[in-house]
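Architecture and fold: a report
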Amino acid sequence: MGKFTVLNHPLIQHKLTIIRDKSTGTKVFREVANEIAELMVYEITRDLPLTDVEIETPMGKTVQKQLAGKKLAVVPILRAGLGMVDGVLELIPAAKVGHIGMYRDEKTLEPHEYFVKMPPDIDQRILFIVDPMLATGGSANMAIEALKARGAKSMRLVVLVAAPEGVKAVQDAHPDVDIYAAALDEKLTETGYITPGLGDAGDRLFGTK
Ligand code: PRP
Ligand code: URA
């Protein structure tokens, strides 16, 4: 089964409270969602492999560490995943970005794929799939399937708020994908919203309704 990790660093918890608050407007929501994504990436890249490299400091030759050249990519699930991309790229500026468009039918809660554009070599990359909300898990599962169908072999799912139902759905369907969340909330409402959650992430990010 894939690992599920809640990254409950105090800064992450504090910032998450800001975006949960319904009085927080679009501008601050956008800024703080990206700040949380940046803090999360710092944590989830702890295990990236390093290799030795010889360099010369002003004092002489030395062997030091650098990233082992494992290629990375960030994959936002549109739309709301876009709200985490800049935060990820702050720390991994050279990462490629693949987009996957998915919307959830508001009545049936079934996900629908409408767009996929990936870097050509996703089979050789570690993919960080980002989406603020993991609710039923339908969108994340469909995104992971679409990526696997295109050759992806190494994926991590990074969400701000997860519902237990969504975590279980992804773990059951994709035991090879680890999940990282800033918070694990109580449950889903009858209409498929995470409670206490933060509302509709896409609408809050983009000022739509
Ligand atoms: C939201 C969210 C996830 C999905 C989660 O997207 O960003 O992608 O719902 O729900 P699920 O786990 O039950 O599938 P939405 O479909 O509202 O589209 P948007 O990002 O375009 O607003
Ligand atoms: N999508 C959202 O944007 N919010 C939820 O609470 C559930 C799904």
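The rules behind each value
Residues numbered from 1 in each chain as written. Chains lettered and ligands numbered in written order. Predicted model: local features only at pLDDT ≥ 70, side-chain atom pairs only at ≥ 80, totals over all residues. Heavy atoms only, no water. UniProt positions renumbered as here; feature names shortened; annotations may be inferred. 1 Å grid on protein atoms, 1.4 Å probe; cavity = no way out; pocket = protein on both sides within 12 Å on 5 of 7 lines; lining within 4 Å. Helix = DSSP H or I, 4+ residues; strand = E, 2+ residues; numbered from the N terminus. Contact = heavy atoms within 4.5 Å. Polar contact = N/O pair within 3.5 Å; in protein donor to acceptor, adjacent residues only side chain to side chain. Core = buried A, V, L, I, M, F, W, Y, C linked by side-chain atoms within 4.5 Å. Buried < 20%, exposed > 50% of the residue type's maximum accessible area, 1.4 Å probe, protein only. Near = heavy atom within 4 Å. Areas by Shrake-Rupley, 256 points an atom, 1.4 Å probe, with all protein chains shown as cover. Sits in = over half its atoms within 2 Å of the grid points. Nonpolar A, V, L, I, M, F, W, Y, C, P; charged D, E, K, R; others polar.

Some points on the UniProt feature "binding site: uracil" (unreviewed entry) in the chain
UniProt records the feature "binding site: uracil" (unreviewed entry) at Ile194, Gly199, Asp200 and Ala201, using the numbering of this structure. Lining the largest pocket, from this annotated set, are Ile194, Gly199, Asp200 and Ala201. Position of Ile194 among the secondary structure elements: in strand E13 (residues 194-195). Residues in contact with Ile194, not counting those within four places in the same chain, are Met133, Leu134, Ala135, Val161, Ala162, Ala163, Asp185, Lys187 and Leu188. Here Asp200 is to be found in the loop between E13 and helix H6 (201-206). Look past the residues within four positions of Asp200 in its chain and what remains in contact with it is Arg79 and Tyr193. Polar contacts involving the side chain of Asp200 include one to the side chain of Tyr193, which spans 3.2 Å.

Digging into the nonpolar core
Membership of the largest hydrophobic core comes to 38 residues, with the highest contact counts inside it found for Leu16, Ile19, Ile36, Met40 and Leu160. Of all elements in the fold, only helix H1 (10-20), helix H2 (26-44), strand E4 (71-78), helix H3 (82-91), strand E8 (125-130), strand E10 (154-162), strand E11 (178-184) and H6 reach the threshold of two or more residues within this core. The leading source of residues in this core is H2, at eight residues. Once you skip the residues sitting within four places of it in the chain, Leu160 turns out to touch Leu16, Ile19, Ala33, Ile36, Met40, Met84, Asp131, Pro132, Ala181, Ala182 and Ala183. Counting residues in each nonpolar core, the second largest holds 25 residues, with Val75, Ala143, Ile144 and Ala181 among its members.

Considering the site of ligand 1
Close to ligand 1 lie 15 residues, the nearest being Arg104, Asp131, Thr136, Gly137 and Ser139. Arg104 has a polar side-chain atom sitting 2.8 Å from an oxygen atom of ligand 1. At 2.5 Å from an oxygen atom of ligand 1 is found a side-chain nitrogen or oxygen belonging to Asp131. Protein chains bury 90% of the 500 Å² of accessible surface belonging to ligand 1 in isolation. Cavity membership is defined here by more than half of the atoms lying within 2 Å of grid points; on that basis ligand 1 lies in the largest pocket.

Some words on the site of ligand 2
In the region of ligand 2, the neighbouring residues are Arg104, Met133, Ala135, Gly192, Tyr193, Ile194, Gly199, Asp200 and Ala201. Backbone polar atom of Ile194 to an oxygen atom of ligand 2: 2.8 Å apart, as the coordinates give it. One of the backbone N or O atoms of Ala201 is found 2.8 Å from an oxygen atom in ligand 2. Here ligand 2 loses 88% of its free accessible area of 240 Å² to cover by the protein chains. More than half of the atoms of ligand 2 fall within 2 Å of the grid points belonging to the largest pocket. A per-class count over the shell around ligand 2 returns five nonpolar, two polar and two charged.

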